[in-house]
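Residue-level listing of the chains:
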Amino acid sequence: MYLPFFSTIEPSSGSVSRGSQPPSVFVEEPRGALRIPGHLKTDRPPLFSLVVPTYNERENLPPLLDRLTQLLDRSLPGEYELIVVDDSSPDRTWEVAGGLMGQYPQLRVMRRQRERGLSTAIVRGWQVARGEWLGAIDADLQHPPQTLLQLLAELENGVDFALASRHVRNGGVSEWSFSRRFLSRGAQLLGLLILPEVLCRVSDPMSGYFIVRREAIADRRLDPVGYKIAVEVLGRGKIDRIAEVGYVFQERQEGASKVTLRQSIEYLQHLLRLRWHRIPRRRFLQFAIVGSSGVVVDLGVFHLLRGEWGWHLAASAILSTEVAILNNFIWNDRWTFGDIARKQRGWRNRVDRFVRFHLICGLGLAMNVAIVLGCSNLGINEYLSKLMAIVLVTLWNFGMNAKFGWRV
Ligand code: GDD
Ligand code: MN
């Protein structure tokens, strides 16, 4: 119970009066690890739990709940619950939500006072959820509620994860500015660089509108930061079967987006945290040691060709890089990914792996240059840009080689 001075919510008006003993209108805010329970504590649980994260959405919430309940009362009568998770919004959205509980018996409300953030709000909502299917939808009507029916149908068909995507047939965004489109696609590209094996699984990993099967994420420690909860679910869940449904991202009705530079920084932090979580530590360390040996070979051959034999600069640079790539391939094929390579015997397989390795490293080289130029154009120190490029490209090379080179 979090309302000060034992206030109660008058169900009809949503206004707050102070004084009498509080009814327990709000769901207790969970503490500790962000872990979704696998087993359900209640008998006859609803099938579907939909979490609505809110921050300053008092105007949008009533029409959203009205549309959701009309839709779900028809398609899932008595089989769903709505869980609003509000982070003590300055506009007191939690009060409006509490005041609507009398009208919607399937509505539960959590007012958080210890944590803030979109992704953790959704996970805390799932922690108190009772459904087998766990969903997330924005409160501002930018995610059209009717798309839920298609997402539910996909869960019915047995998928683990059904995502509403702006980038498939029947998908799109309303009047997004070029800069917003560029930022959204840029965020997706950055994600593909750092977590290719995760973000390449769906067309719109930035989406915050989806349903996931509880058992796919149950008893796993989630650790999201920022806005991209779908990336967290794909990165840590046991997601085998995925479906995508097209939807058009709508214009906001009331209020404003809470996306700021902070969310962009949190997104990068989230990607790197997930990368570290997903990376096989020993194999990655071996890959990094081989990469470092490649730097020594590259510099050594370059010095021999250019310094000792006076070869042309470009020829020295290219040949020394080639020798380094060959060095790295041989060690990675025999040591880092040796266990995999031994199952893919024969010269044809080996040449095939070398060609893929060479392509991925070539792309990595191009990205290295692009990152250095891009960062230095943004005024970032050139050596820091180079260091960031080396870290990002090493993650890229490892992820892509593991996934597409040796096909771990
Ligand atoms: N509890 C809580 N705490 N809710 C939050 C917070 C927070 O800190 N920040 C935002 N929300 C809620 C908003 O109230 C809204 O319901 C939803 O999260 C999305 O917030 P917006 O600020 O409207 O985000 P957006 O419209 O720019 O982007 C949304 O749509 C994109 C496309 O699906 C987000 O869902 C993005 O994650 C998503 O990529
Ligand atoms: Mn929005």
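All residue numbers here refer to positions counted from 1 along the written sequence of the relevant chain. Here the convention is simple: chains get letters from A, ligands get numbers from 1, in the order in which they are written. Thresholds applied to this predicted model are a pLDDT of at least 70 for local features of residues and 80 or more for the giving and counting of side-chain atom pairs; totals over whole chains, interfaces and linings are not thresholded and use all residues. The basis for the side-chain values is all heavy atoms of the structure; hydrogens and waters are excluded.

1. Things to note about the coordination of the manganese ion (ligand 2)
Move 1: Listed donors are limited to N, O and S atoms within 2.8 Å of the metal, widened to 3.2 Å for Na, K and Ca; water is not among them, so incomplete-looking sites are possible. The manganese ion (ligand 2) binds to the protein through Asp140 (OD) and Gln142 (OE1); the donor distances cover 1.9 to 2.0 Å. Each of the two residues, Asp140 as well as Gln142, counts as buried. Exposure is judged per residue with a 1.4 Å probe applied to protein chains only, and the accessible area is read against the type maximum: over 50% gives exposed, under 20% gives buried, and values in between give partly exposed.

2. Considering unusual backbone geometry
Move 1: Unlike most non-glycine residues, Asn56 shows phi in positive territory, near 55 degrees.
Move 2: A run of DSSP states H or I qualifies as a helix once it reaches four residues; a run of E qualifies as a strand once it reaches two. Both are numbered from the N-terminal end. Here Asn56 is to be found in the loop between β4 (48–54) and α1 (61–75).
Move 3: You can call Asn56 partly exposed: its relative accessible area is 27%.
Move 4: If you check the backbone angles, Ser88 has positive phi at about 50 degrees while not being a glycine.
Move 5: Structurally, the position occupied by Ser88 is in the loop between β5 (80–86) and α2 (93–99).
Move 6: We classify Ser88 as partly exposed; its relative accessible area is 22%.

3. Comments concerning the site of ligand 1
Move 1: Around ligand 1, the structure places 28 residues, and the nearest of them are Glu57, Asp87, Met206, Ser257 and Lys258.
Move 2: Polar contacts, as counted here, are pairs of nitrogen or oxygen atoms within 3.5 Å of one another; within protein the pair requires one atom able to donate a hydrogen and one able to accept it, and residues that are adjacent in sequence qualify only if both atoms are side-chain atoms. Residue His143 places a side-chain N or O atom 2.9 Å away from an oxygen atom belonging to ligand 1.
Move 3: For ligand 1, the protein covers 99% of the area, taking 730 Å² as the surface of the free molecule.
Move 4: For the shell around ligand 1, the secondary-structure elements that each account for two or more residues are β4 and α3 (118–128).
Move 5: Ten residue types, Ala, Val, Leu, Ile, Met, Phe, Trp, Tyr, Cys and Pro, are classed as nonpolar, four, Asp, Glu, Lys and Arg, as charged, and the remainder, Gly among them, as polar. Residue classes in the shell around ligand 1 are distributed as eleven nonpolar, seven polar and ten charged. Whether a residue is near a molecule or strand depends on its heavy atoms: if one lies within 4 Å, it is near. Computed with a 1.4 Å probe, the accessible areas rest on the Shrake-Rupley method; for each residue, only the protein chains presented here act as cover.

4. Quick look at the sheet that holds strand β10 (residues 210–213)
Strand pairing in a sheet is mediated by backbone hydrogen bonds. Such pairs are either parallel or antiparallel.
Move 1: DSSP bridges decide pairing: two strands pair if at least two such bridges lie between them. Read from one edge to the other, the open sheet built from seven strands follows the order β6-β5-β4-β7-β10-β8-β12, with strand pairing classed as mixed. If you trace the sheet from one side to the other, it starts and ends with β6 (107–111) and β12 (242–246), each paired once. On average, each strand axis in the sheet is inclined to that of its neighbour by 20 degrees, with strand direction left out of account.
Move 2: Two strands pair when backbone bridges link them, and strand β8 (residues 161–165) and β10 are joined in this way by three bridges, in the antiparallel orientation. Its bridge partner lying in β10, Ala162 is registered against Ile211.
Move 3: In this analysis, two residues are considered to be in contact whenever any of their non-hydrogen atoms come within 4.5 Å of each other. The axes used here are C-alpha line fits, helices contributing only the stretch in contact, and every angle between their N-to-C directions lies in the interval 0 to 180 degrees. Sheet contacts for α3: β4, β5, β6, β7 (133–136) and β10; angle to β4, the most-contacted strand, approximately 150 degrees.

5. Focus on the packing of helix α8 (residues 229–236) against helix α9 (residues 261–278)
Move 1: Interaxial distance between α8 and α9 falls to 11 Å at its minimum, and their mutual angle equals 5 degrees. As summarised for this structure, α8 and α9 are arranged roughly parallel, according to the angle between their axes. Of α9, the residues touching α8 (which contributes Val231, Glu232, Leu234, Gly235 and Arg236) are His270, Leu271, Arg273, Leu274, His277 and Arg278.
Move 2: Within the contact of α8 with α9, the residues separate by chemical class into four nonpolar, three polar and four charged. Working rule for angles: under 35 degrees goes down as roughly parallel, over 145 as roughly antiparallel, 65 to 115 as roughly perpendicular, anything else as oblique.

6. Some words on the side chain of His143
Move 1: Position of His143 relative to the elements: it lies in the loop between β7 and α4 (147–156).
Move 2: On the accessibility criterion, His143 (2% relative accessible area) is buried.
Move 3: From its side chain, His143 meets the backbone nitrogen of Asp138 in a polar contact 3.2 Å long.
Move 4: If sequence neighbours within four positions are ignored, His143 has contacts with Ile137, Asp138, Gly208, Tyr209, Tyr247 and Phe249.

7. Concerning the pairing of β4
Move 1: In terms of burial, β4 is largely enclosed, as seven of its seven residues are buried.
Move 2: On β4, burial covers both faces: Phe48, Leu50, Val52 and Thr54 on one face and Ser49, Val51 and Pro53 on the other are all buried.
Move 3: Bridge count between β4 and β5: seven bridges; the pairing is parallel. Across the sheet, residue Val52 finds its bridge partner in β5, namely Val84.
Move 4: Assessed by its sense of winding, the connection that carries the chain from β4 through α1 to β5 is right-handed.
Move 5: Bridge analysis of β4 against β7 gives four bridges, and the strand direction is parallel. Along β7, the bridge assignment pairs Phe48 with Trp133. Consider the strands pointing away from the viewer: the crossover is right-handed when the path from the first strand over the helix to the second runs clockwise.

8. Section: the pattern of salt bridges
Move 1: For this document, the term salt bridge refers to a Lys or Arg side-chain nitrogen within 4 Å of an Asp or Glu carboxyl oxygen. Considering all chains together, one arrives at 24 salt bridges under this definition.
Move 2: Between Arg112 and Glu115 there is a salt bridge, with its nearest N and O atoms 2.9 Å apart.
Move 3: Residue classification places Arg112 among the buried residues on the basis of a relative accessible area of 1%.
Move 4: Note on Glu115: relative accessible area 26%, which makes it partly exposed.
Move 5: Through salt bridges with shared partners, a single network forms among Glu57, Asp140, Arg252 and Lys258.

In short, shape yes, function no, at least from these values alone.
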